[in-house]
Every structure is written in structure tokens, then in C-alpha cells.
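Coordinate inspection notes
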Amino acid sequence: ERDAGLSGKGQISVYVVRQGDILSSIAKMFGVSTNTITWANDIKSGRISPGQELVILPISGIRHTVVKGDTLQSVAKKYKADLGDILSYNSLSSGAKLSIGQVVIVPDGEPVSSAGSASTGSSSSGGSSNSCGLKVSTYERLLVNPCKYPVYTGYYIRPLAGGTKTQTLHGYNAIDFGASVGTPVVASADGTVIISKNGGYNGGYGTYVVISHDNGTQTLYGHMSQDHVTVGQHVSQGEIIGALGNTGKSTGPHVHFEVRGARNPF
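Here we summarise the structure given alongside this text. (Residues numbered from 1 in each chain as written. Predicted model: local features only at pLDDT ≥ 70, side-chain atom pairs only at ≥ 80, totals over all residues. Heavy atoms only, no water.)

Our next topic: the layout of surface pockets. Reported here for the largest pocket is a volume of approximately 880 Å³. At the level of secondary structure, the elements contributing two or more residues to the lining of the largest pocket comprise β7 (164-170) and β16 (254-260). Looking at the lining of the largest pocket element by element, the count peaks at four residues for β16. (1 Å grid on protein atoms, 1.4 Å probe; cavity = no way out; pocket = protein on both sides within 12 Å on 5 of 7 lines; lining within 4 Å. Points joined across faces, edges and corners; volume = space filled by probe spheres on them. Helix = DSSP H or I, 4+ residues; strand = E, 2+ residues; numbered from the N terminus.)

Here's what the structure looks like:
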């Protein structure tokens, strides 16, 4: 079944912990699960402190109840999901044994009965076009329907000079650009840095930056090797914000460029 506590919609948020806050109450406030917050912020102990900034990184997920014969590998295969993400999200070791009745959350898992769903792009094939003519990746599913997003012609520029497009639309409206480690990554449009995470898994993004733009959208730059900006900093279009890398859940040097709230022009 779909986990109602995992929101696959909306913008990325940042929350500053207040006195008396606990993770479960913050999760309820944003309509996500507690693990969504711990996963995106590399929280190991479950403890948070007043003044701490938490990234609320909405993800979609499947709630799977373990039945006889299930293994972590079989659950990952069933939902076409990443085993490493399942382990990380549920704080499980690779050799963990599952118990009948145990609930396992499968981040970005593909519902078994929803083949062809327009909202997930679950049946899209690489290099092929979806219903509005956008090129969709072979290797990673598209988790949103970008056909519903507005088009801002000329608003965004390519997040690096040169490089090669290594993956078409996937995930949360993202395009991947491959280049050598250290290649400068630039702001795609004017805006304010709302997230600047240096190091860690960070929900798979590794070292990453999120910029909020005046048109109500956000851009995300993931897997970088270096991060050159700070939260609250205003950046101009074309300004260097970091360096391309291979951090987080990454299979090679590239920048994962995500546009939330508008068509990805690339």
C-alpha cells in the first residue's frame, strides 16, 4: 500500500527546531514520516536540538508488510527499488533478517499494480517520450508528472559549461550532466540558497544545494564534490555555487539538476 506519511509532492522545506520539538511532531506537521526527516538529515541518534536546521525532503514510498519468504533483496526487486536506500531509510544492515508482519518502507518504490501510471512515469522507457513529448530516462523512474508544470522559457540556464547529458528526465524532474570532478556548477537562475549540505548521504543527494527562485520554483544541484555557498546567500544566475562530484547515491561524476515546480528545460 502507498504510505500516506510520505509526501511525493510539494516543495523542499527547511525547519528550525524549537524548544520542546520532537521528530514525530515535526513529521506530522509536514505530512511526512519520521524516517523521511532522519534519512534526509543523516540523523543517527534520533536526537534533535533547538536551533538545528532540518531539511524536509519529501519523498514517495511504499509501505510493505513482510510475509513469509520475504528478504530485503526480494522486496527491493518486487518494487523495482534500490536496496541501499531501503537499508539506509529503515536503519537495517545488509544481513538483516525480516520478521513476518514487520513493516518496511521502500523509498521511491514502484507500486506493483500501477504500471503505466502517469504520475510516476513507471512504464516509461529510456529515450522515449511521455504524453507531452518530454524525454524520459531508461534507468531511473520519473516520480512526478512534469507535463502539469508551467514552462518558464529562458528563465533557467544550464548548470555547468559543457559536459554531457548522461540521463534524461528522472526522479523529481531531474536531468543529469556528466563532466570531470571539480567542474564548476553554477546557479541556473537568480535566487536565495535555502539548503547547503556539505558531505553525508543526505537522502542520496550527497553534497547538494537548493536555491529558491522568485517565480516560486526551486532548483537542486546534487552529488557535488564541493559546496561554495551558504544558507541565506543571494546568488545571481551563472554564479559558481559548487563543484561537480560523485557524492551520495551516484554511479559516476555528474551533477543532478532538479527543477521543482516548473518544466526542466534541459
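Text resumes after the structure shown.
To continue, consider the pattern of salt bridges. Under the definition given, this model contains three salt bridges. Note that Asp85 is salt-bridged to Lys249, the shortest N-O span being 3.1 Å. Residue Asp85 is found in helix α4 (residues 83-89), and its partner Lys249 is found in the loop between β15 (240-243) and β16; the two are separated by 164 residues along the sequence. Take Asp85: its relative accessible area is 5%, and that puts it in the buried class. Assessed through its relative accessible area of 38%, Lys249 is described here as partly exposed. Arg260 serves as the salt-bridge partner of Glu258, at 2.7 Å between the closest nitrogen and oxygen. Arg260 shares its class with Glu258; the two are buried. Among the charged side chains, a salt-bridge network with shared partners connects Asp82, Asp85 and Lys249. (Salt bridge = Lys/Arg side-chain N within 4 Å of Asp/Glu carboxyl O. Buried < 20%, exposed > 50% of the residue type's maximum accessible area, 1.4 Å probe, protein only.)

One finds Tyr208, Val209, Ile211, Tyr221 and Ile241 to be the most contacted residues of the largest nonpolar core, which totals 40 residues. Elements supplying a minimum of two residues to this core: α2 (34-40), β8 (174-178), β10 (191-197), β11 (207-212), β12 (218-224) and β16. The greatest single-element share of this core, amounting to four residues, is contributed by β11. With residues near it in sequence (within four places) discarded, Ile241 still touches Val185, Val186, Ala187, Val209, Ile211, Tyr221, Asp227, His228, Val229 and Val235. Counting residues in each nonpolar core, the second largest holds twelve residues, with Leu72, Val75, Tyr79 and Val104 among its members. (Core = buried A, V, L, I, M, F, W, Y, C linked by side-chain atoms within 4.5 Å. Contact = heavy atoms within 4.5 Å.)

What is shown is where atoms sit, not what they do.
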